[in-house]
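# Observations on the model geometry
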Amino acid sequence: MPVHPQNLLQSSRAPTVSAPTPDRIVIATRESRLALWQAEHVKARLEALYPSCTVELLGMTTRGDQILDRPLAKVGGKGLFVKELETALLDRAADIAVHSMKDVPMTLAPEFALVAIAEREVPLDAFVSNKYESLDDMPPGAVVGTSSLRRESQIHAQYPMLAVTSLRGNLDTRLRKLDEGQYDAIILAAAGLTRLGLASRIRSTLPSEVSLPAAGQGALGIEALSDRPEVAAWIAPLADPASAACVRAERATSRALAGSCEVPLGAYAEVQGGELWLRGFVALPDGSRIARAERRGPIDQPEALGLALAEMLRADGADEILASL
């Protein structure tokens, strides 16, 4: 699919429109506890920026929230978490939508734009268990729950003696299933646990060498209609240029390789020494074959870096892996 330039609008660029101070901003959000925390966080920042502005939340239930008995990869992917929110934008029922960036499809329709990426929380995966301290401590046959083919493939590759099974539901539901004994351990994004004050549930944080994060993991994205530059101008102060550069590089890699939750793919960028260090992989779900690559490049050219990394992954066999999925 073509990438529409307006969909790449990010906070590292100055807003092109000087808009009057808003009187009212409506935020579309999913109604899970984590999604509401994220929306409330954005709401508080906007209220601090614009004290006279009324900021409201429009809670919505998405198809991704309703379908809990099947893996996302089998029911349409992570776009199921954003469609209803985008409809609210089109209907002018909301001005912006707040998303976890890892849930945002890699290519947006031309009528939508990511107008800001906020400062990123720790983007790593977390090991959560009531029995074990880490993956290394788990005995053969122990059951690990995850909703992610990306995580599953990496666990299979490094811990082939463990059983990996699907885990769906919001964060509280996943923790409840663990506490009921349905799993010996579960893998979750550390950012969500931290944001909800549940960091004490984290037994260990998985290094990126063990579990490379998903593109955009830990970052909040704010979406608006691309024909509303005044909204982009309102939201611009919430953006974090370094986080945006990392996420844009990661998403460029994933987009170039048709990345979605249907593909075991990770992409993770860090700022080091004034440049971006980007790593990525593509794998078979069972971890039996993995293409890996890494590359460094200028922080002001994240998409070019992401595309270059995608080509390196192709050279390492990514296309063959993707063709077999």
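Everything below is about the structure printed above this text.
What comes next is a walk through the structure. (Residues numbered from 1 in each chain as written. Predicted model: local features only at pLDDT ≥ 70, side-chain atom pairs only at ≥ 80, totals over all residues. Heavy atoms only, no water.)

Moving on, we come to the overall build of the chain. Helix and strand counts for the chain come out as ten helices and 13 strands. Evaluated residue by residue, the chain yields a buried proportion of 56% over its 325 residues. For the chain, the proportion of contacts with a sequence separation of at least 24, taken over those separated by at least 6, is 72%. Carbon and sulfur atoms make up 51% of the accessible area of the chain, which amounts to about 13,400 Å² in all. (Helix = DSSP H or I, 4+ residues; strand = E, 2+ residues; numbered from the N terminus. Buried < 20%, exposed > 50% of the residue type's maximum accessible area, 1.4 Å probe, protein only. Contact = heavy atoms within 4.5 Å. Areas by Shrake-Rupley, 256 points an atom, 1.4 Å probe, with all protein chains shown as cover.)

Attention now moves to the packing of aromatic side chains. In total, this model carries zero aromatic pairs according to the counting rule given. Its guanidinium or amino end placed over the ring of Trp277, Arg279 lies 4.0 Å from that ring's centre, counting from NZ or CZ. The cationic tip of Arg292 hangs over the ring face of Phe281; the distance from NZ or CZ to the ring centre is 6.0 Å. (Phe/Tyr/Trp six-rings, centres within 6.5 Å; stacked < 30°, edge-to-face > 60°. Lys NZ or Arg CZ within 6 Å of the ring centre and 35° of its normal.)

The angle between the axes and the distance between the axes are what describe a pair of packed helices. Where helix H8 (residues 241-256) contacts helix H9 (residues 302-315), the two axes come as close as 7 Å, and the packing angle between them is 40°. Between H8 and H9, the angle is such that the two are oblique. Remark: the crossing between H8 and H9 carries right-handed chirality. Side by side, H8 and H9 meet where Ala245, Arg248, Ala249, Ala252, Thr253 and Ala256 of the first sit next to Pro302, Glu303, Gly306, Leu307, Leu309, Ala310, Leu313 and Arg314 of the second. (Axes fitted to C-alpha atoms, helices over the stretch in contact; angles between N-to-C directions. Parallel < 35°, antiparallel > 145°, perpendicular 65-115°, else oblique. Left-handed = near helix turned anticlockwise from the far one by under 90°.)

Here is a general trend for soluble globular proteins: nonpolar side chains tend to be buried in one another's company. Counting residues in hydrophobic clusters, the biggest one holds 21 residues, and the most contacted among them are Ile27, Val42, Leu46, Ile96, Ile222 and Ile235. Of all the elements, helix H7 (residues 229-235) adds the most residues to this core, at four residues. Ile96 has contacts with Ile25, Val26, Ile27, Ala28, Val42, Leu46, Leu89, Ile222, Glu223, Ala224, Val231 and Ile235, leaving out every residue within four places of it along the chain. If you look at the next biggest cluster of nonpolar residues, it comprises 20 residues, including Leu265, Leu276, Val282 and Leu305. (Core = buried A, V, L, I, M, F, W, Y, C linked by side-chain atoms within 4.5 Å.)

Let us now look at the environment of Asp23. Looking at the secondary structure, you find Asp23 in the segment before strand S1 (24-30). Overall, Asp23 belongs to the exposed group, its relative accessible area being 63%. Each C-alpha atom of the pair Asp23 and Pro51 lies 9.5 Å from the other, and the pair is 28 residues apart in sequence. Residues within four places of Asp23 in sequence aside, it is in contact with Ser52, Cys53 and Thr54.

Reading across the sheet, the three strands line up as S11-S12-S13 and stay open at both edges, with antiparallel pairing between neighbours. On the outer flanks of this sheet lie strand S11 (265-272) and strand S13 (290-298), each paired with one strand and no other. Adjacent strand axes in the sheet meet at a mean angle of 15° when their direction is disregarded. Where S11 meets strand S12 (residues 275-283), eight bridges bridge the pair, whose relative direction is antiparallel. (Pairing = 2+ DSSP bridges.)

Read across the open sheet, the five strands follow the order S2-S1-S3-S10-S4; overall the sheet is mixed. Each of the sheet's edge strands pairs with one partner strand only, and the pair in question is strand S2 (54-60) and strand S4 (112-117). Direction aside, the axes of adjacent strands within the sheet are offset by 30° on average. Both strand S3 (residues 96-100) and strand S10 (residues 220-225) contribute to a ladder of four bridges, which runs antiparallel. Each bridged residue has a counterpart across the sheet, and for Ala97 the counterpart in S10 is Glu223. Running over the sheet, helix H1 (residues 33-49) touches S1, S2, S3 and S10 and is turned about 165° from S1.

Our next topic: the pairing of S12. With respect to burial, S12 is a largely interior element, eight of its nine residues being buried. Linking S11 back to S12 in an antiparallel pair, the connection comprises two residues, with Gly273 at a positive phi of about 60°. The pairing of S12 with S13 spans nine bridges and is antiparallel. Among the inter-strand pairings, Glu275 is bridged to a residue of S13, identified as Pro298. Connecting the antiparallel pair S12 and S13 is a turn made up of six residues, with Gly287 showing a positive phi of about 75°.

Here we take up unusual backbone geometry. For Arg92, which is not glycine, the phi dihedral falls at a positive 65°. Mapped onto the elements of the fold, Arg92 is located in the loop between helix H3 (83-90) and S3. On the accessibility criterion, Arg92 (48% relative accessible area) is partly exposed.

The next thing to look at is the pattern of salt bridges. One pass over the structure, following the stated rule, counts 19 salt bridges. Among the salt bridges present, the one from Arg24 reaches Glu56, with a minimum N-O distance of 3.0 Å. Of this pair, Arg24 sits in strand S1 while Glu56 sits in strand S2, and the two are 32 residues apart along the sequence. A salt bridge links Lys102 to Asp103; the shortest N-O distance between them is 3.9 Å. (Salt bridge = Lys/Arg side-chain N within 4 Å of Asp/Glu carboxyl O.)

All right, on to H9 then. Helix length check: H9, at 14 residues, gives a terminal C-alpha distance of 20 Å against a target of 20 Å (1.5 Å per residue), a fit within 8%. Every buried residue of H9 is accounted for by Pro302, Glu303, Leu305, Gly306, Ala308, Leu309, Ala310 and Leu313. Just downstream of H9 lies Gly317, where phi reads positive at about 110°. (Expected span 1.5 Å × (residues − 1).)

The values reported here are purely geometric and, on their own, carry no functional implication.
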